[in-house]
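Residues per chain are reported as follows:
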Amino acid sequence: MNNDNKLYFTTGEFAKLFHINKKTLFYYNEIDLFKPEKILPNGYMYYSHTQIELLGIIFSLKDMGMSLKEIKDFINKRSIDNVINILNSEIINIENEINKLKANKERLINKIKSIEESKNYKREIKLAYEDEEYLVLSNSIDNSKEYYDIDTYVNHVNYCFDNDLNIGYSTGTIISMDNLIIGNYKDCSFYFTKTNKENISNHTNIIKKPKGLYVVGYFKGYYDKLPYFYEKLISYINNNNLKIIGNSYEKVLADELVCKNIDDYIIKVSIQVSEN
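Residues numbered from 1 in each chain as written. Predicted model: local features only at pLDDT ≥ 70, side-chain atom pairs only at ≥ 80, totals over all residues. Heavy atoms only, no water.

K.L.:
Explain unusual backbone geometry here, please?
P.N.:
Residues apart from glycine generally show negative phi values, whereas peptide bonds are mostly found in trans. Positive phi, close to 60°, is recorded for D32, a residue that is not glycine. Along the chain, D32 turns up in the loop between α2 (22-30) and β3 (38-39). (Helix = DSSP H or I, 4+ residues; strand = E, 2+ residues; numbered from the N terminus.)

Right, dumping it as structure tokens:
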């Protein structure tokens, strides 16, 4: 059907343009949301090409999460300013979604880095240079707990997720230099989670792990066996005329995500040292 300098479509033809069922158009007509431009005496309905943009906007608003009632109110009151505001709002929603996807991608990339490092596990202790890192600290760990301070751990993990500080690395633990020197390898000071440098201005509980020399070792097993591994690390430090000048940082590289048994965990331990 073609008159009035307009191109007209039947309900079925118009539905095909949008890859929808024509029942959708019937329903939109019934609720006065989107009506055909012409209805003939025989009941046949026709839509014009000038309505294509409007139906497209309806579907866009629906994808934005607006209800049909809200869309109907918008259509009835639409104006240049209202349309601009709605479209700007959609741009903001898209940008927020892009940022979420980028953050999820970063988490996956960092998780892969940790797992890849665990694949190179060797029973060796070595001296290595490590770059600085930014760590979110938990509250002080209560070492009087029977097993471990689960309350502090859970609060720390929740804090990192709630504040978008988790970038894909597992939570680690810190043993202070003082405890290392006196041979106390069981009592940890803090839990930590590695984060981005950009986050430090908004949080007071983010510290910088210093760059420099570290004695690095990879341990296969669970945390309860780590004190025996520390004895080997300290022996290496003493035998190589090194001096402990900082904390120990324990990072889980391979955890329950890839290990069926906790005794197969791969934990990296780094102790800051200097050469005498």
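K.L.:
Would you mind going over the nonpolar core with me for this structure?
P.N.:
In globular proteins that are soluble, nonpolar side chains generally tend to be buried together. One finds L180, L226, Y230, L233, I237, V269 and I271 to be the most contacted residues of the largest nonpolar core, which totals 36 residues. When contributions to this core are tallied by element, the ones reaching two or more residues are β6 (133-137), β7 (172-175), β8 (190-195), β10 (212-220), α8 (226-239), β11 (242-254) and β12 (266-275). Discounting residues that sit within four places of it in the chain, Y230 has contacts with I175, L180, Y185, S248, E250, V269 and I271. (Core = buried A, V, L, I, M, F, W, Y, C linked by side-chain atoms within 4.5 Å. Buried < 20%, exposed > 50% of the residue type's maximum accessible area, 1.4 Å probe, protein only. Contact = heavy atoms within 4.5 Å.)

K.L.:
What's the story with the packing of aromatic side chains in this structure? I'm lost.
P.N.:
Aromatic ring pairs are defined here through the distance separating the ring centres and the angle between the ring planes. All told, the structure shown has 16 aromatic pairs when counted by the stated rule. Taking the centre distance of 5.9 Å and the plane angle of 45° together, the rings of F9 and F14 count as tilted. Residue classification places F9 among the buried positions, given a relative accessible area of 13%. Owing to a relative accessible area of 0%, F14 belongs among the buried residues under this scheme. Ring geometry for Y28 versus F59: centroids 6.3 Å apart, planes at 45°, classification tilted. Taken as a pair, Y28 in helix α2 and F59 in helix α3 (residues 52-63) lie far apart in primary sequence, 31 residues in all. The class of Y28 is buried, set by a relative accessible area of 4%. Grouped by ring-pair contacts, the aromatic residues F9, F14, F18, Y27, Y28, F34, Y47 and F59 constitute a single cluster. When the ring centre of Y249 is taken as reference, the NZ or CZ atom of K209 above it lies at 5.2 Å. (Phe/Tyr/Trp six-rings, centres within 6.5 Å; stacked < 30°, edge-to-face > 60°. Lys NZ or Arg CZ within 6 Å of the ring centre and 35° of its normal.)

K.L.:
Explain the sheet that holds β7 to me, please; I cannot follow it from the model alone.
P.N.:
Neighbouring strands of a sheet are bound in pairs by backbone hydrogen bonds; such pairs are parallel or else antiparallel. The sheet built from eight strands is open, its strands ordered β5-β10-β12-β11-β7-β8-β6-β9 with antiparallel pairing. The outermost strands of the open sheet, each flanked by one partner alone, are β5 (125-130) and β9 (206-209). Across the sheet, the axes of successive neighbouring strands diverge by a mean angle of 35°, strand direction being ignored. With four bridges joining them, β6 and β8 adopt antiparallel strand pairing. The partner of Y134 across the bridge, within β8, is T195. The sheet contacts of helix α6 (residues 150-162) involve β6 and β8, and relative to β8 the element is tilted by about 20°. Of the strands in this sheet, β5, β7, β10, β11 and β12 touch α8, which is tilted by about 30° from β12. (Pairing = 2+ DSSP bridges. Axes fitted to C-alpha atoms, helices over the stretch in contact; angles between N-to-C directions.)

K.L.:
Help me understand the pattern of salt bridges, please; the structure alone is not making it clear to me.
P.N.:
Pairing is possible between side chains of opposite charge, provided their charged atoms come close. Applying the stated criterion across every chain yields a total of 12 salt bridges. Salt-bridge contacts for E130 lead to K209; the nearest nitrogen and oxygen are separated by 2.5 Å. With a gap of 79 residues between them, E130 in strand β5 and K209 in strand β9 connect regions that are remote in the sequence. Between K208 and E132 there is a salt bridge whose closest N-O contact spans 3.6 Å. Taken as a pair, K208 in strand β9 and E132 in the loop between β5 and β6 lie far apart in primary sequence, 76 residues in all. Within the structure, one salt-bridge network assembled from shared partners comprises E117, E130, K209 and K268. (Salt bridge = Lys/Arg side-chain N within 4 Å of Asp/Glu carboxyl O.)

K.L.:
How should I be thinking about the pairing of β7 in this particular structure?
P.N.:
Neither face of β7 is exposed, since G172 and I174 on one face and T173 and I175 on the opposite face are all buried. When β7 meets β8, the two strands line up antiparallel, connected through three bridges. Along β8, the bridge assignment pairs I174 with F190. Here β7 runs beside β11; their pairing, made up of three bridges, is antiparallel. Bridging across to β11, I175 finds its partner in S248.

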